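Spelled out, the chains give:
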There are 4 protein chains.
Amino acid sequence: MSGATKMMQRKKEKKRKAILDAAITVFSSHGYRKARVADIASQAKVGDGTIYLYYPDKARLMMAVFRELIDTQLNAWKEQIDPQQSNLEQLQQFFYFHADFFTKNPNFARFYAIEMRQLPQLQQTDHSRWPLYNYHEAISSLIRNAISAGEIRKIDTDVFVSMLLGTMEYVLTEWVYHNYEKSLHSINAKLIDILHNGLKLVDKERLL
Amino acid sequence: MSGATKMMQRKKEKKRKAILDAAITVFSSHGYRKARVADIASQAKVGDGTIYLYYPDKARLMMAVFRELIDTQLNAWKEQIDPQQSNLEQLQQFFYFHADFFTKNPNFARFYAIEMRQLPQLQQTDHSRWPLYNYHEAISSLIRNAISAGEIRKIDTDVFVSMLLGTMEYVLTEWVYHNYEKSLHSINAKLIDILHNGLKLVDKERLL
Amino acid sequence: MSGATKMMQRKKEKKRKAILDAAITVFSSHGYRKARVADIASQAKVGDGTIYLYYPDKARLMMAVFRELIDTQLNAWKEQIDPQQSNLEQLQQFFYFHADFFTKNPNFARFYAIEMRQLPQLQQTDHSRWPLYNYHEAISSLIRNAISAGEIRKIDTDVFVSMLLGTMEYVLTEWVYHNYEKSLHSINAKLIDILHNGLKLVDKERLL
Amino acid sequence: MSGATKMMQRKKEKKRKAILDAAITVFSSHGYRKARVADIASQAKVGDGTIYLYYPDKARLMMAVFRELIDTQLNAWKEQIDPQQSNLEQLQQFFYFHADFFTKNPNFARFYAIEMRQLPQLQQTDHSRWPLYNYHEAISSLIRNAISAGEIRKIDTDVFVSMLLGTMEYVLTEWVYHNYEKSLHSINAKLIDILHNGLKLVDKERLL
DNA sequence: GATGAATGAGTCTTCATTCAT
DNA sequence: CATGAATGAAGACTCATTCAT
């Protein structure tokens, strides 16, 4: 009996995954508002009502899609980290990794930059509901480590995370709005330079 | 004849302003989607159809509301600039000014951080349609001047603007999501420090 | 499974009929434009949206109503045909049958004469979409048979059909416009005389 | 003073004509429903409200347009009548004349065949309001004369008029629906044959 | 658990007509 | 007489969600 139950659970999990995948596809190509639950259902090859056995409503499904995407991204990033790299290098790698990903999947860039903003406001009493919570945590931890390791000076971690993710979002949004001109990689290089060295005149310049 | 026309033009302009003000109020309190055109009309004390004599549709009205808010902000900021200040100081002032404003008008913060993101995508072939175009330009020019004046080193202006506005948006969004905890001013100070000095260990720290 | 499906199909067909009947009633009494979809829905005791599961829009529903009426008419006419009658007599019967029907259902006369003309123009690339296509075909075939059987001389079938249906429509329209004065039957008799004998002076008259 | 008044009257008449002409143009190209009063006004180079000084509402303007077109047609037809022709020949001429006209002005055919049907129903207590009243009268009179002159046999005039106008409308409608295939002239010839000779087998055929 | 037919709330926009100037 | 800015009524349609089977 327990075996049968396990199999059913596995089956359920498979169905949940099918729905999630369908949702990713449909949300990505149509956007949250235009995406119809019925489309997701037919894409997932389940009945319309079935979706509601797995997710309470469209908005939560969207949230789940986000978390799925973000987790997938985070994991992919973590897997390709070279443990020899310093924390700072890993952080830089974070941006190059995403520049790569979005360049290759412009649809997801639109999704990330535009669609995330359409997320219906849920009660935000819980910080961990913040859609980018996991990103925040991952970067946050890297920064703290970099500080501990003496790789960078002691800056405010949260503010710095906001700078990084805010810039990333903004750049991405502009990139999408302006039809994928420019190169995300070239932007990255300039960004890292500013972050690392600040605005201060360097000694050489000061001499001039 | 020309007198009458002038008076009518003034009257029309007054009505346009009434509609815009009503729209700001209604959009701010209900959000773009829940705001009904009919509510805006009655708030502005005009007929439903009158709105369409001034704005082609709800989305464009929203755009106009934005531009109005942004322009008002920009002008208010410009007026309180001390011409004695360096470009860099003016830039810092920009953020303190906004921190002030949003702290005092949290409704507008929500509007700016959340509602702006609901803006229906119009054809974005024209860069000047970018909602924050004026902000971008204003900051951009300050930065270029600061560079010319030797106040800061020669960084990529566009990337830097993206960092500033992106961070501002992100911080604001977090602030709204997390129910106006923290203080925007304290965040500002930390932000400016990071931007100015970068991440690099300062000599003193390095010596330790 | 197949049983359940069959029952559902029958249920669906019943609902389709309910909607169609409600539409006939509402369209007939209010006219196409004033008829509200919501009224049809409540008359049919279904939800507003349900109608759209069966007909893509109001205009197509109207088309379906037409075809339904016309088919019903055609079938009723065919059923009461006396197979002993010649083609010509059947043709005459066609008009007497309709005169009867419309005299007894003046509402349908108004519908047929007036409302049909409000039909939104769909793309008319396909001749079989022509609302009176079935009528055209039925009469056309009678005429061809009458010619083959030597009952009437060899005239142009299409033109003759146009004469018949056009006259029918016009007489009906006048009848409705002029508040159902005259008798459709008396008109019929005169019409048939003209059609059959033409305008030519008959020999007797010529002799006078 | 009387001179000035006369001039004003002439001016008014000119404006009425301008509005009517504009209405013809706009109604013909957009159809009654889609035609906007404001478009007619601007086409006529008058204010929107001005139209209502000349016509009580859109529907009556449409009626006026019809009468204007029909009168123009009737007059044009009358002018080209050869007084030597018999009444019957004049009647035939009536159809050839219209076939010509509509072939050269397919837009008006659409207008006549389709748009006339959109005419909002006015109270039809008065027969002379019947849109085709003038046509009816003109043809009616020709027929009566033809009968008196012994050119045709004594048929029911009204029914015959209905046949003629009904057929004309139907043929025109089909012609428009089916994208102006066929030739109106060729149809005319067949039509006249049927009308004149009826359906009866002619002696020659009877012999076969 | 799964289905998918049924529901019905909810709103932007048009445009004929009016009337103050 | 002429204007044209202002009005406001009116309704088809979509689609997230439910629930009987």
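Being a predicted model, the structure only gives us computed values, none of them experimental. (Residues numbered from 1 in each chain as written. Chains lettered and ligands numbered in written order. Predicted model: local features only at pLDDT ≥ 70, side-chain atom pairs only at ≥ 80, totals over all residues. Heavy atoms only, no water.)

A. Geometry of the overall build of chain A. Assigned secondary structure in chain A consists of 10 helices and zero strands. The order of helices and strands in chain A, counted from the N terminus, is α-α-α-α-α-α-α-α-α-α. Within chain A, buried positions represent 49% of all 208 residues. Taking contacts inside chain A between residues at least 6 apart in sequence as the whole, the part at least 24 apart equals 68%. Surface summary for chain A: the accessible area is close to 10600 Å², and the carbon and sulfur share equals 52%. (Helix = DSSP H or I, 4+ residues; strand = E, 2+ residues; numbered from the N terminus. Buried < 20%, exposed > 50% of the residue type's maximum accessible area, 1.4 Å probe, protein only. Contact = heavy atoms within 4.5 Å. Areas by Shrake-Rupley, 256 points an atom, 1.4 Å probe, with all protein chains shown as cover.)

B. Fine view of the environment of Lys15 of chain D. All names here are of chain D. Tracing the sequence through the fold places Lys15 in helix α1 (residues 2-30). In this structure the C-alpha to C-alpha distance between Lys15 and Thr50, which are 35 residues apart in sequence, comes to 9.5 Å. Beyond its immediate stretch of four places on either side in the chain, Lys15 contacts Val46, Thr50 and Tyr54.

C. Inspection of the relation of the copies chain C and chain D at higher detail. With an RMSD of 0.2 Å, the fit of chain C onto chain D corresponds to turning through 179° and sliding 0.2 Å along the axis. Classification of the inter-copy transformation places it as that of a two-fold axis. Every residue of chain C has its C-alpha some distance from the rotation axis, and the shortest such distance is that of Gly198 of chain C, at 1.9 Å. The residues that chain C uses at the interface reappear at the interface of chain D in 100% of cases, marking a shared surface. (Least-squares fit on C-alpha atoms with pLDDT ≥ 70 in both.)

D. Representation of the interface of chain C and chain D. With 51 residues of chain C at the interface, the matching set in chain D holds 51 residues. Note on chain C versus chain D: buried area summed over both sides is about 5200 Å², and carbon and sulfur give 60% of it. Of all residues in chain C, Arg153, Tyr170 and Leu199 of chain C give up the largest surface area on contact with chain D, accounting jointly for 17% of the area buried on that side. A salt bridge links Asp158 of chain D to Lys182 of chain C; the shortest N-O distance between them is 3.8 Å. Inspection of the chain C/chain D interface yields eight residue pairs in polar contact (both at pLDDT 80 or more). Elements with a contribution of two residues or more to the side of chain C that touches chain D: α8 (157-177) and α9 (184-197) of chain C. Per element, the largest residue contribution to the side of chain C that touches chain D is 14 residues, and it comes from α8 of chain C. Tallied by class, the residues present in the side of chain C that touches chain D amount to 21 nonpolar, 15 polar and 15 charged. (Buried area = accessible area lost by both parts, 1.4 Å probe. Salt bridge = Lys/Arg side-chain N within 4 Å of Asp/Glu carboxyl O. Polar contact = N/O pair within 3.5 Å; in protein donor to acceptor, adjacent residues only side chain to side chain. Nonpolar A, V, L, I, M, F, W, Y, C, P; charged D, E, K, R; others polar.)

E. Main features of unusual backbone geometry. Residues and elements named next belong to chain B. Its identity is not glycine, yet Lys45 carries a phi of approximately 55°, on the positive side. For Lys45, the position within the fold is in the loop between α2 (37-43) and α3 (48-54). For Lys45, a relative accessible area of 77% translates into the label exposed.

F. Molecular detail of the domain arrangement of chain A. All names here are of chain A. Here chain A is partitioned into domain 1 (1-55) and domain 2 (58-207). Opposite the 17 residues of domain 1 that make contact, domain 2 presents 16 residues. Linking domain 1 with domain 2 are zero salt bridges, by the criterion used here. At the junction of domain 1 and domain 2, the tally comes to four residue pairs in polar contact (both at pLDDT 80 or more). Examining the composition of the side of domain 1 that touches domain 2, we find that nine residues originate from one element, helix α1 (residues 2-30), more than from any other. (Domains from an automatic or database assignment.)

G. Inspection of the protein's contact with DNA strand F at higher detail. Close to DNA strand F lie 32 residues; Val37 of chain A, Gly47 and Thr50 of chain B together with Lys12 and Thr50 of chain D are nearest. Counting only atoms of DNA strand F within 4 Å of the protein, the fraction found in sugar and phosphate groups is 68%. Take Lys58 of chain C: an N or O atom from its side chain is 3.1 Å from a phosphate oxygen of DNA strand F. Contact between DNA strand F and Asp48 of chain D: a base nitrogen at 3.5 Å from a main-chain N or O atom of the residue. In terms of residue class, the surface near DNA strand F is made up of 12 nonpolar, eight polar and 12 charged. (Near = heavy atom within 4 Å.)

H. Main features of the protein's contact with DNA strand E. As a structural note, the neighbourhood of DNA strand E is formed by 32 residues, with Lys12 and Thr50 of chain A, Tyr52 of chain B, Thr50 of chain C together with Val37 of chain D the closest of them. For DNA strand E, a phosphate oxygen lies 2.9 Å from a polar atom in the side chain of Tyr52 of chain B. At the level of elements, α1 and α3 (48-54) of chain A, α3 of chain B, α3 (48-54) of chain C together with α3 (48-54) of chain D are the ones that each hand at least two residues to the surface near DNA strand E. A per-class count over the surface near DNA strand E returns 12 nonpolar, eight polar and 12 charged.

I. Representation of the relation of the copies chain A and chain B. Rotating chain A by 179° about the axis while translating it 0.1 Å along that axis superimposes it on chain B, leaving an RMSD of 0.2 Å. The share of interface residues of chain A whose copies in chain B are also at the interface is 100%, consistent with both copies meeting through the same surface.

J. Looking closely at the packing of helix α5 (residues 87-104) of chain B against helix α7 (residues 133-148) of chain B. Residue and element names in this part refer to chain B. At their nearest, the axes of α5 and α7 sit 8 Å apart, and the two run at 150° to each other. With respect to α7, the element α5 is oriented roughly antiparallel. Across the interface between the two elements, Asn87, Leu88, Gln90, Leu91, Phe94 and His98 of α5 pack against Tyr135, Ile139, Leu142, Ile143, Asn145 and Ala146 of α7. Residue classes in the contact of α5 with α7 are distributed as eight nonpolar, four polar and no charged. (Axes fitted to C-alpha atoms, helices over the stretch in contact; angles between N-to-C directions. Parallel < 35°, antiparallel > 145°, perpendicular 65-115°, else oblique.)

K. Highlighting the packing of aromatic side chains. Throughout the structure, instances matching the rule amount to 28 aromatic pairs over all chains. When the centroid spacing of 5.3 Å and the interplanar angle of 75° are considered together, the rings of Phe94 of chain C and Phe95 of chain C count as edge-to-face. Each member of the pair Phe94 of chain C and Phe95 of chain C is classed as buried. Relative to Phe102 of chain C, the ring of Phe101 of chain C lies with its centre 5.4 Å away and its plane at 65°, an arrangement referred to as edge-to-face. The pair Phe101 of chain C / Phe102 of chain C is uniform in exposure class, with both members buried. Put simply, the rings of Trp77, Phe94, Phe95 and Tyr135 of chain A touch in pairs and so form one group of aromatic residues. A cation over an aromatic ring shows up here: Arg16 of chain A above the ring of Tyr55 of chain A, its NZ or CZ 5.5 Å from the ring centre. Lys58 of chain C extends its terminal NZ or CZ atom over the ring of Tyr32 of chain C, reaching a point 4.7 Å from the ring centre. (Phe/Tyr/Trp six-rings, centres within 6.5 Å; stacked < 30°, edge-to-face > 60°. Lys NZ or Arg CZ within 6 Å of the ring centre and 35° of its normal.)

L. Main features of the side chain of His136 of chain D. Its location among the elements puts His136 of chain D in helix α7 (residues 133-148). On the accessibility criterion, His136 of chain D (9% relative accessible area) is buried. Beyond its immediate sequence surroundings of up to four residues, His136 of chain D is in contact with Tyr170 and Glu174 of chain C together with Asp158, Val161 and Leu165 of chain D.

M. Main features of the interface of chain A and chain B. With 51 residues of chain A at the interface, the matching set in chain B holds 51 residues. Of the roughly 5200 Å² buried between chain A and chain B, counting both surfaces, carbon and sulfur atoms make up 60%. The tally of links from chain A across to chain B stands at six salt bridges. On inspection of chain A and its partner chain B, the count reaches eight residue pairs in polar contact (both at pLDDT 80 or more). Broken down by secondary-structure element, the contributors of at least two residues to the side of chain A that touches chain B are α8 (157-177) and α9 (184-197) of chain A. Residue contributions to the side of chain A that touches chain B peak at 14 residues, all from α8 of chain A. Taken together, the residues that form the side of chain A that touches chain B break down as 21 nonpolar, 15 polar and 15 charged.

N. A look at the pattern of salt bridges. By the definition in use, this model includes 28 salt bridges over all chains. When the shortest N-O distance is used, the salt bridge between Asp100 of chain A and Lys104 of chain A registers 3.9 Å. Taken together, the residues span about one helical turn, with Asp100 of chain A and Lys104 of chain A both in helix α5 (residues 87-104) at a distance of four residues. Relative accessible area serves as the criterion here: at 32%, Asp100 of chain A is assigned to the partly exposed category. Judged by its relative accessible area of 62%, Lys104 of chain A falls in the exposed class. The closest approach of N and O atoms between Arg16 of chain D and Glu13 of chain D, which form a salt bridge, is 3.4 Å. Highlighted residues: Arg16 of chain D and Glu13 of chain D, both in helix α1, separated by three residues, approximately one helical turn. Judged by its relative accessible area of 44%, Glu13 of chain D falls in the partly exposed class.

O. Layout of the side chain of Asn197 of chain D. Take Asn197 of chain D: it is sitting in helix α9 (residues 184-197). Among the polar contacts made by the side chain of Asn197 of chain D, one reaches the side chain of Asp193 of chain D at a distance of 2.7 Å. In contact with Asn197 of chain D, not counting residues within four places along its chain, are Arg153, His196, Asn197, Gly198 and Lys200 of chain C.

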